[in-house]
Amino acid sequence: MTRTQKQSDPDDHTDDTTHPAHSGRQGGTGAASAVRSVDRAVSVLEILARHGEAGVTEIADELDVHKSTAFRLLGVLENRGLVTQIKDRGKYCLGAGVLRLAGAAAVRLDISQEGAPVCRELADELGETSNIAVLDDDAAVNIMQARGTASVTAQNWLGRRTPLHATASGKVLLAHMPPTLREGLLARPLRRFTERTVTGTSVLRGELESVAGQGHAITQEELEIGLAAVAAPVHSHDGKVVAAISVSGPVYRLTPERLPELAKRTAEAGAELSRRLGHGF
């Protein structure tokens, strides 16, 4: 492709959907352009990962686009911290944002790999369903599950996003997140799932203080009638709470008399998984 042809790149226009040829199909054209832009942005990251650093002209040549398109892509990536400009050389390299994303992915992989045997042992010992959940924006998502002998008919929680304020795992994650982030989440209306769901922010704040102090959270029929759960925090090597490990089952098995024992064992499992992730060394 010649440089003249590159100058007619659709992404070099401010809004090519206004062209008569696009009449009646602006949505499809816009979607295709967005996908193309995302693909090119990922390609920019791959180029920088491969070369270490590169200038706008080099990136434009590899993408086979005009320099203005490459410059706009770099600008967006720089704004998000994914690339950074080497000021004295006029080139770009990968930014700290890539490390942040890679670190988050690595933590999840570590939790999944190291958590599997801990989750399995906990379920086998207690006979109940054991889960590991991590924070996913404004919810807890279960990334690991093991079923005990007493829970063969239990529902599948794997991959399910659950509310933070109505689950034991969610309360553990809420209790240990930065205060400003927690308050932002508590400022939103809290949905009531059952008559036992805590929706008052002042009451919930008091619960979260107790959760942080005692090292575990207990919920009884707050998400679903007949369901009880206990959860404990999982710490990464730097001390941050990165997950919650829980045990759940029907209230007729997870009785008030049995809950202290379950809380103690779940907290021990959380500490074991934390050790596996490098906490305390």
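Up top is the structure.
Source: prediction; values computed, not measured.

Cut-offs and rules
Residues numbered from 1 in each chain as written. Predicted model: local features only at pLDDT ≥ 70, side-chain atom pairs only at ≥ 80, totals over all residues. Heavy atoms only, no water. Helix = DSSP H or I, 4+ residues; strand = E, 2+ residues; numbered from the N terminus. Buried < 20%, exposed > 50% of the residue type's maximum accessible area, 1.4 Å probe, protein only. Contact = heavy atoms within 4.5 Å. Areas by Shrake-Rupley, 256 points an atom, 1.4 Å probe, with all protein chains shown as cover. Axes fitted to C-alpha atoms, helices over the stretch in contact; angles between N-to-C directions. Parallel < 35°, antiparallel > 145°, perpendicular 65-115°, else oblique. Polar contact = N/O pair within 3.5 Å; in protein donor to acceptor, adjacent residues only side chain to side chain. Expected span 1.5 Å × (residues − 1). Salt bridge = Lys/Arg side-chain N within 4 Å of Asp/Glu carboxyl O.

Topic: the overall build of the protein
Here is step 1 of the chain: Per the secondary structure count, the protein includes nine helices and eight strands.
Here is step 2 of the chain: Within the span of the protein, comprising 281 residues, buried residues form 43% of the whole.
Here is step 3 of the chain: Considering only intrachain contacts with a sequence separation of at least 6, the fraction spanning at least 24 residues in the protein is 55%.
Here is step 4 of the chain: Element-wise, carbon and sulfur atoms account for 55% of the exposed surface of the protein, whose accessible area totals about 14600 Å².

Comments concerning unusual backbone geometry
Here is step 1 of the chain: Positive phi, normally seen in glycine, also occurs at Asp 64, with a value near 65°.
Here is step 2 of the chain: Checked against the element boundaries, Asp 64 lands in the loop between α3 (56-63) and α4 (67-79).
Here is step 3 of the chain: Backbone geometry at Glu 221 places phi at a positive 55°, although glycine is not the residue there.
Here is step 4 of the chain: Along the chain, the position of Glu 221 falls in the loop between β6 (217-220) and β7 (227-235).

Re the side chain of Glu 222
Here is step 1 of the chain: Take Glu 222: it is sitting in the loop between β6 and β7.
Here is step 2 of the chain: Look past the residues within four positions of Glu 222 in its chain and what remains in contact with it is His 165, Ala 166, Lys 171, Phe 193, Thr 194, Arg 196, Thr 197 and Val 198.

Things to note about the packing of α3 against α4
For any two helices packed against each other, the geometry comes down to the angle between their axes and how far apart the axes lie.
Here is step 1 of the chain: Closest axis-to-axis distance for the α3/α4 pair is 8 Å, and the angle between their directions is 110°. Taken together, the axis directions place α3 and α4 in an arrangement best described as roughly perpendicular. For the pair α3 and α4, the contacting residues are Val 56, Thr 57, Ile 59, Ala 60 and Leu 63 in the first and Lys 67, Ala 70, Phe 71, Leu 73 and Leu 74 in the second.

Structural notes on the environment of Glu 207
Here is step 1 of the chain: Take Glu 207: it is sitting in helix α8 (residues 201-214).
Here is step 2 of the chain: Judged by its relative accessible area of 25%, Glu 207 falls in the partly exposed class.
Here is step 3 of the chain: Once the C-alpha coordinates of Glu 207 and Ile 218 are considered, the two residues, 11 residues apart in sequence, prove to be 9.8 Å apart.
Here is step 4 of the chain: For Glu 207, the side chain forms a polar contact with the side chain of Lys 171, separated by 2.6 Å.

Comments concerning helix α9 (residues 259-276)
Here is step 1 of the chain: If you check α9, its first and last C-alpha atoms are 25 Å apart, about what 18 residues at 1.5 Å a residue would give, namely 26 Å.
Here is step 2 of the chain: Taken together, the buried positions of α9 are Leu 259, Leu 262, Ala 263, Arg 265, Thr 266, Ala 269, Gly 270, Leu 273 and Ser 274.

Topic: the packing of helix α6 (residues 168-175) against α8
Here is step 1 of the chain: The geometry of α6 relative to α8 is characterised by a closest axis approach of 9 Å and an angle of 85° between their N-to-C directions. In terms of orientation, α6 lies roughly perpendicular with respect to α8. In this structure, α6 contributes Lys 171, Val 172, Leu 174 and Ala 175 to the contact, and α8 contributes Leu 204, Glu 207, Leu 208, Val 211 and Ala 212.

Description of the pattern of salt bridges
Side chains bearing opposite charge may pair, as long as their charged atoms lie close to each other.
Here is step 1 of the chain: Inspection of the entire model under this criterion finds 20 salt bridges.
Here is step 2 of the chain: As a salt-bridge pair, Glu 62 and Arg 50 come within 2.8 Å of each other at their nearest N and O atoms. Taken together, the positions of Glu 62 in helix α3 and Arg 50 in helix α2 (residues 26-51) put the pair 12 residues apart, joining distant regions of the chain.
Here is step 3 of the chain: Salt-bridge contacts for Asp 138 lead to Arg 188; the nearest nitrogen and oxygen are separated by 3.1 Å. Separated by 50 residues along the polypeptide, Asp 138 in the loop between β3 (129-136) and β4 (139-146) and Arg 188 in the loop between α7 (179-186) and α8 bring together distant segments of the chain.
Here is step 4 of the chain: A relative accessible area of 42% means that Arg 188 is categorised as partly exposed.
Here is step 5 of the chain: A single network of salt bridges, built from pairs that share partners, joins Glu 121, Glu 125, Lys 264, Arg 265 and Glu 268.

A few points about the side chain of Asn 131
Here is step 1 of the chain: Within the secondary structure, Asn 131 is located in strand β3.
Here is step 2 of the chain: The residues touching Asn 131, leaving out its near neighbours within four places in the chain, are Cys 119, Asn 142, Met 144, Gln 145, Trp 157, Ala 244, Ile 245, Ser 246 and Ser 248.

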